[in-house]
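An overview of the molecular structure
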Amino acid sequence: MHKSVSSSGDTNEVMTLKQFEMAHHFPTLSTDQKKELHEIALRIVAPGKGILAADESVGSMGKRLNQIGVENTEENRRQFRQVLFSADDRINSCIGGVIFFHETLYQTADDGTRFIKMIKDKGITVGIKVDKGVVPLPGTNGETTTQGLDGLSERCAQYKKEGANFAKWRCVLKISDSTPSQHAIEENAKVMARYSSICQQHGIVPIIEPEILPDGDHDLKCCQFVTEKVLTAVYKAMFEHHVYLEGTLLKPNMVTPGHSCSTKYTPEEVAMATVTALRRTVPPAVTGVTFLSGGQSEEEASLNLNAINNCPLVKPWALSFSFGRALQASALKTWRGHRENENAATEQFIKRAEINSLASQGRYTFCGDNSEQFIYISNYAY
Ligand code: 13P
C-alpha cells in the first residue's frame, strides 16, 4: 500500500523500498534520490500543513505595496517579508513550506538573522520560485508560455546549496471562446515537465502550477472542463519526461466560475467540481495538491478548501493550500508600512495560517462575517 489519505486529511504513508526502485524505461533518478524527493513532498503536506507563497516578484510586490500606499523599495519588501517570517511557533503546525523569491532568499531580519534560517529553524521547508515569468506565445490569441529554462540546472544546484528543497513554476492559461488553445495547453505542459525533471535531478521537489485564470463569465462546468483538459496534458507530459510523480506537488486553481459569471455556487458545488476534475486527471501517485487562491477572498478560499476536504469522494492525495493573497491580504492591510503595526499584522497572518490548517483537514467552521472583498485583479501576473 503506497499511501492513504482519509477525508480528514491524515496521510499514512508506507512506501516500500521496492516502490522507490520501480524502473522507468530510461532511469534518471537513483533509489536514494527518489526517496529524498518523496520525503520532502510528504513533509510539506503533512496533515494540517500547507504552503505560504511569499514569492512575489519585484513587480508583483510593487502592485501589493501600491495598494497600501507604500513605496516599492527593497527595504519595504524586506520589512513586509519580516512581518510574515517573524510569526511565532503557532505556525509550525500549519505551514509546511514557504516559497521565497530570489531576493528574499538573501535578505535578513532586523537582527541580522537570514530569513531562510528563521524559516528552517521552525522546521518549515524552504522553496524558491524559479520561473522567470510569462511571455507571449506567438501565433495564439494573446496566450502565454513561461520562461526560465535557460540556466535552470545551475540555479537549482545553487538553490539546493542555499537550503531550498522545493521549487515553483507557474504557467497561465485563459478561458475565452478561443482559449486555451491546444497549442498553449501542450506548450505549457511541456515546459512544466522539463522544469520538473531538471529540479528532480538536483533533489528539488517541483511544484507544478498550471493556473487557469478566473477572468471571464464562464460557469463552473466550463472551468471544470478546461481544468480537466489542462491537467490531462500536464500528466501526459510528466509521463513522457519521466518525472517521478511521488516527488512532485500540483498547485492548481480550484474549479470556480469566472469572476463575471452571474450564477453563484456554494463551496460544496465548487468542491465537487474540483475533486471530480482532479480524480479524472491527477494520478494517485502525486503526493499532494496545494491549491492557489487565485484572487478569492481569504474567507472564500478557506471555506472552499474546507469543503474540498469534506467532499464525499475518495481523495488519494493530500489536499491543502499554497496561498499567496489569501494568506497575506489582512496582514498587508494591517501593516500599511508602519513599524507600530508589525505585531498586529503578523497576528493576522497567523490567524489565516491556523484557519487554513483546519480547512486542509476539513475541520474549519466559519463563524465571522463574510464582508471581505475579492482580492481579484484581472489578468493577474505573479
Ligand atoms: P495566490 O494564492 O495569490 O493566487 O498566489 C499563489 C501563487 O503562488 C501564484 O503563483
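Placed above this text is the structure.
Report on the accompanying structure. (Residues numbered from 1 in each chain as written. Predicted model: local features only at pLDDT ≥ 70, side-chain atom pairs only at ≥ 80, totals over all residues. Heavy atoms only, no water.)

1. Description of the pattern of salt bridges
Inspection of the entire model under this criterion finds 21 salt bridges. Put simply, D110 and R78 hold a salt bridge, and the shortest N to O gap is 2.8 Å. Placement of the pair is D110 in the loop between helix 5 (102–105) and helix 6 (115–121) and R78 in helix 4 (residues 74–85), with a sequence separation of 32 residues. The exposure class of D110 is partly exposed, given its relative accessible area of 48%. E347 is the salt-bridge partner of R90, the closest N and O atoms lying 2.7 Å from each other. (Salt bridge = Lys/Arg side-chain N within 4 Å of Asp/Glu carboxyl O. Helix = DSSP H or I, 4+ residues; strand = E, 2+ residues; numbered from the N terminus. Buried < 20%, exposed > 50% of the residue type's maximum accessible area, 1.4 Å probe, protein only.)

2. Digging into the site of the ligand
The full set close to the ligand counts 14 residues, and K168, K251, S293, G294 and R325 are the nearest of them. Residue G324 places a main-chain N or O atom 2.8 Å away from an oxygen atom belonging to the ligand. Between the ligand and the protein, one listed contact pairs an oxygen atom with a side-chain N or O atom of R325 at 2.7 Å. In isolation the ligand has 300 Å² of accessible area, and contact with the protein removes 100% of it. Residue assignment for the shell around the ligand shows that the elements contributing at least two residues are strand 8 (166–173) and strand 12 (318–323). Taken together, the residues of the shell around the ligand break down into 4 nonpolar, 4 polar and 6 charged. (Near = heavy atom within 4 Å. Polar contact = N/O pair within 3.5 Å; in protein donor to acceptor, adjacent residues only side chain to side chain. Areas by Shrake-Rupley, 256 points an atom, 1.4 Å probe, with all protein chains shown as cover. Nonpolar A, V, L, I, M, F, W, Y, C, P; charged D, E, K, R; others polar.)

3. Quick notes on the packing of aromatic side chains
For any two aromatic rings, the description comes down to two numbers: the centre-to-centre distance and the angle of the planes. Taken as a whole and judged by the stated rule, the model has 5 aromatic pairs. With a centroid separation of 5.4 Å and an interplanar angle of 35 degrees, the aromatic rings of F80 and W335 are classed as tilted. Taken together, the positions of F80 in helix 4 and W335 in helix 12 (residues 325–335) put the pair 255 residues apart, joining distant regions of the chain. Each of the two residues, F80 as well as W335, counts as buried. Where F321 meets F323, the ring centres are 5.6 Å apart and the plane angle is 45 degrees; that geometry is what we call tilted. Residue class for F321 comes out buried when judged on its relative accessible area of 0%. Taking relative accessible area as the criterion, F323 reaches 0% and is therefore assigned buried. (Phe/Tyr/Trp six-rings, centres within 6.5 Å; stacked < 30°, edge-to-face > 60°.)

4. Quick look at the sheet that holds strand 9 (residues 205–212)
Overall, parallel pairing links the 8 strands, which are arranged 3-4-5-8-9-10-11-12 in a closed barrel. In this structure, strand 9 lies alongside strand 10 (residues 249–250), joined through 2 bridges in parallel fashion. Within strand 10, the residue paired with I208 across the bridge is L250. (Pairing = 2+ DSSP bridges.)

5. Some thoughts on the packing of helix 9 (residues 220–240) against helix 10 (residues 267–281)
Interhelical geometry of helix 9 versus helix 10 gives an angle of 25 degrees and a closest axis separation of 9 Å. If you check the angle between helix 9 and helix 10, you find them roughly parallel. For the element pair helix 9 and helix 10, the recorded crossing hand is right-handed. Contact residues: helix 9 offers L220, Q224, T227, E228, L231, T232 and Y235, while helix 10 offers E269, V270, A273, T276, A277, L278, R280 and T281. Here the residues of the contact of helix 9 with helix 10 are counted per class, giving 7 nonpolar, 5 polar and 3 charged. (Axes fitted to C-alpha atoms, helices over the stretch in contact; angles between N-to-C directions. Parallel < 35°, antiparallel > 145°, perpendicular 65-115°, else oblique. Left-handed = near helix turned anticlockwise from the far one by under 90°. Contact = heavy atoms within 4.5 Å.)

6. Structural notes on the environment of N304
Take N304: it is sitting in helix 11 (residues 298–310). Between the alpha carbons of N304 and S360 there is a distance of 9.9 Å; along the sequence they are 56 residues apart. The residues contacting N304, other than those within four sequence positions of it, are M254, P267, V270 and Q296.

7. Some remarks on helix 7 (residues 152–162)
Buried residues of helix 7: L152, R155, C156 and Y159, and no others. Looking straight down helix 7, one finds its buried side chains confined to an arc of 100 degrees; they lie on one side. Opposite the packed face of helix 7, turned more than 90 degrees from it, sit the exposed residues E154 and K161. Here the buried face of helix 7 lies against helix 5, strand 5 (125–129), strand 8 and helix 8 (182–201). G163 sits one or two residues past helix 7 and shows a positive phi near 115 degrees. (Arc of directions from axis to C-beta.)

8. Brief notes about the environment of N356
When you line up the elements, N356 lands in helix 13 (residues 342–359). Residues within four places of N356 in sequence aside, it is in contact with S302, L305, F321, F323, A326 and L327. Among the polar contacts listed, one links the side chain of N356 to the side chain of S302, at a separation of 2.7 Å.

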